Amino acid sequence: MKFFLAGATGAVGTIVLPFAESDGHVVVPHLRPQSAGKTPLRSHPNACIADLAAVDVIADAMRGCDAALCLVGTMRTRFADGDSYATSDVGAVREVVAAAKAAGVARVVLLSSLGAGGMGAYLQAKGEAERVVKESGLAWVIARPGAFASPVKAPEGLHGARNFPSAGVAFFRGLAAAGLRGFAHRYGPMPLDVLARALVRAAQGGHDGCILHGDELRVIGA
Ligand SMILES: NC(=O)c1ccc[n+]([C@@H]2O[C@H](COP(=O)([O-])OP(=O)(O)OC[C@H]3O[C@@H](n4cnc5c(N)ncnc54)[C@H](OP(=O)(O)O)[C@@H]3O)[C@@H](O)[C@H]2O)c1
């Protein structure tokens with residue numbers, strides 16, 4: 001299949017890209033112009049280097065894709081660089097959805113967060129992004145993992161690895177061993193290689209209209 005990948009330079013996108021390609025899919029990685037100079041991905045044969053706001057350009061790059069994966073977001077530490085939850089966590093999703101509709105892409109896969117729609121600006125933004133996807137008229141899949149844990153020796157992308165504290169990992173392992181496996185897998189740290197596999201598999205179909213939490217993502221990405 002062919003996938004458009006927004007967020008290709010992120011901690012998750014950096015793992016999704018090689019997994020999808022090694023699984024035989026064609027990927028169009030999206031890069032922002034201001035980031036393209038910082039990553040070897042700019043030389044990727046299918047790289048789409050443009051602002052997501054250039055919906056016509058993005059739609060051209062999406063044409064022929066079976067799904068658009070949106071793994072875009074920011075954090076407070078990057079607000080000083082010009083990103084915000086409004087632009088990165090909501091606006092970017094609106095732009096990906098608009099381009100997907102214009103390009104006739106059937107499915108959008110949104111990487112959201114555990115607790116989306118809950119209290120606080122971040123979770124509110126994630127809730128709004130989910131609403132945009134659900135009301136898009138496209139087939140959609142929403143992933144709601146908890147905190148991330150990068151695999152050892154994983155590529156790090158432009159935003160570093162996600163290192164969940166080892167005491168926390170041990171805590172959730174203990175819960176799983178004590179019979180609380182479902183709880184531990186839903187709320188515990190999500191290994192990013194497992195998440196990447198789950199996202200790529202969800203992009204292929206079979207989970208449309210589903211909101212997938214960590215426990216479900218672990219089954220799909222096993
Ligand atoms: N970290 C966690 O524990 C956690 C848990 C649950 C869910 N999530 C969510 O999962 C998603 C991916 O997380 P991550 O850790 O892989 O993120 P990340 O490493 O911070 O990467 C964010 C990606 O979004 C891109 N981006 C940001 N603003 C953009 C914009 N306006 N237009 C286009 N691209 C933009 C970045 O591009 P540049 O390289 O150009 O900046 C980068 O590729 C995020 O939505 C995050 O909120 C995170």
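Further up the page is the structure itself.
Novice: I tried to follow the overall build of the protein on my own but got confused; where do I start?
Specialist: Summing up its helical and strand segments, the protein has nine helices and nine strands in all. Its C-alpha atoms give the protein a radius of gyration of 16 Å, within 12% of the compact-globule value 17 Å for 222 residues. Residues counted as buried form 45% of the 222 residues belonging to the protein. Counting contacts in the protein only where the partners sit at least 6 residues apart, residues at least 24 apart contribute 68% of the total.

Novice: Honestly, the nonpolar core in this entry has me stumped. Any pointers?
Specialist: Across soluble globular proteins, you tend to see nonpolar side chains buried next to one another. With 63 residues, the main nonpolar core has Ala68, Leu69, Cys70 and Leu199 as its most contacted residues. Take this core: its biggest share by element is nine residues, from helix H8 (residues 192–203).

Novice: Sorry, what's going on with the pairing of strand S6 (residues 139–144) here?
Specialist: As a general feature of sheets, a regular strand has side chains that alternate between the two faces. Among the six residues that make up S6, five are buried, leaving the element largely enclosed by the rest of the structure. Bridge count for strand S5 (residues 107–111) against S6 is five bridges, and the pairing is parallel. Looking at the pairing, arginine 107 lines up with alanine 139 of S6. For S6 and strand S9 (residues 210–213), the ladder comprises four bridges, and the chain directions are parallel.

Novice: So what exactly am I meant to see when it comes to helix H5 (residues 121–134) here?
Specialist: Helical geometry note: an α-helix holds 3.6 residues per turn, so side chains three or four residues apart project in the same direction. Under the 1.5 Å per step criterion, the end-to-end length of H5 is 20 Å for 14 residues, consistent within 8% with the ideal 20 Å. Burial in H5 covers these residues: Ala125, Lys126, Ala129, Glu130, Val132 and Val133. Taken down its axis, H5 places every buried residue within 155° of arc, on the same side. For H5, the elements touching its buried residues are helix H4 (85–103), S5 and S6.

Novice: It is not clear to me how the pairing of strand S1 (residues 2–6) should be interpreted in this structure. Could you clarify?
Specialist: Of all five residues in S1, four are buried, a share of seventy percent or more. The pairing of S1 with strand S2 (residues 26–31) spans four bridges and is parallel. For leucine 5, the partnering residue across the bridge sits in S2 and is proline 29. Direction of pairing for S1 relative to strand S4 (residues 67–70): parallel, over a ladder of four bridges. Counterpart to leucine 5 in the pairing with S4 is leucine 69.

Novice: Help me out: how do you make sense of the packing of helix H3 (residues 55–62) against H4 in this one?
Specialist: Between two packed helices, the angle of one axis relative to the other and the distance separating the axes together describe the packing. For the pair H3 and H4, interaxial distance at closest approach is 8 Å and the crossing angle is 55°. In terms of their interaxial angle, H3 and H4 are classed as oblique. As H3 packs across H4, the resulting crossing turns out to be right-handed. The segment H3 lies against H4, with Val55, Ile58, Ala59 and Met62 engaging Glu95, Ala98, Ala99, Ala100, Ala102 and Ala103.

Novice: Any chance you could explain the site of the ligand here in plain terms?
Specialist: The environment of the ligand is made up of 28 residues, and the closest members are Gly10, Ser35, Gly73, Ser88 and His159. With four residues, the top contributor of residues to the shell around the ligand is H4. For the shell around the ligand, the residue count by class is 12 nonpolar, 12 polar and four charged.

Novice: What is the right way to look at H8 in this model?
Specialist: For H8, spanning 12 residues, the distance from its first C-alpha to its last is 16 Å, which sits close to the expected 16 Å at 1.5 Å a residue. Every buried residue of H8 is listed here: Leu192, Val194, Leu195, Ala196, Arg197, Ala198, Leu199, Val200, Arg201, Ala202 and Ala203. Glycine 205, located one to two residues past H8, shows a positive phi value of around 115°.

Novice: Teacher, can you tell me more about the environment of glycine 37 here?
Specialist: Residue position: glycine 37 is located in the loop between helix H2 (33–36) and strand S3 (48–49). Judged by C-beta crowding, with 9 C-beta atoms within 10 Å, glycine 37 ranks as exposed. Considered as a pair, glycine 37 and isoleucine 211 are 174 residues apart in the sequence and their alpha carbons are 35 Å apart.

Cut-offs and rules
Residues numbered from 1 in each chain as written. Predicted model: local features only at pLDDT ≥ 70, side-chain atom pairs only at ≥ 80, totals over all residues. Helix = DSSP H or I, 4+ residues; strand = E, 2+ residues; numbered from the N terminus. Rg over C-alpha atoms; globule rule 2.2 N^0.38 Å. Buried ≥ 20, exposed ≤ 12 C-beta atoms within 10 Å, placed from the backbone. Contact = placed C-beta atoms within 7 Å. Core = buried A, V, L, I, M, F, W, Y, C linked by C-beta atoms within 7 Å. Pairing = 2+ DSSP bridges. Expected span 1.5 Å × (residues − 1). Arc of directions from axis to C-beta. Axes fitted to C-alpha atoms, helices over the stretch in contact; angles between N-to-C directions. Parallel < 35°, antiparallel > 145°, perpendicular 65-115°, else oblique. Left-handed = near helix turned anticlockwise from the far one by under 90°. Near = placed C-beta within 6 Å. Nonpolar A, V, L, I, M, F, W, Y, C, P; charged D, E, K, R; others polar.

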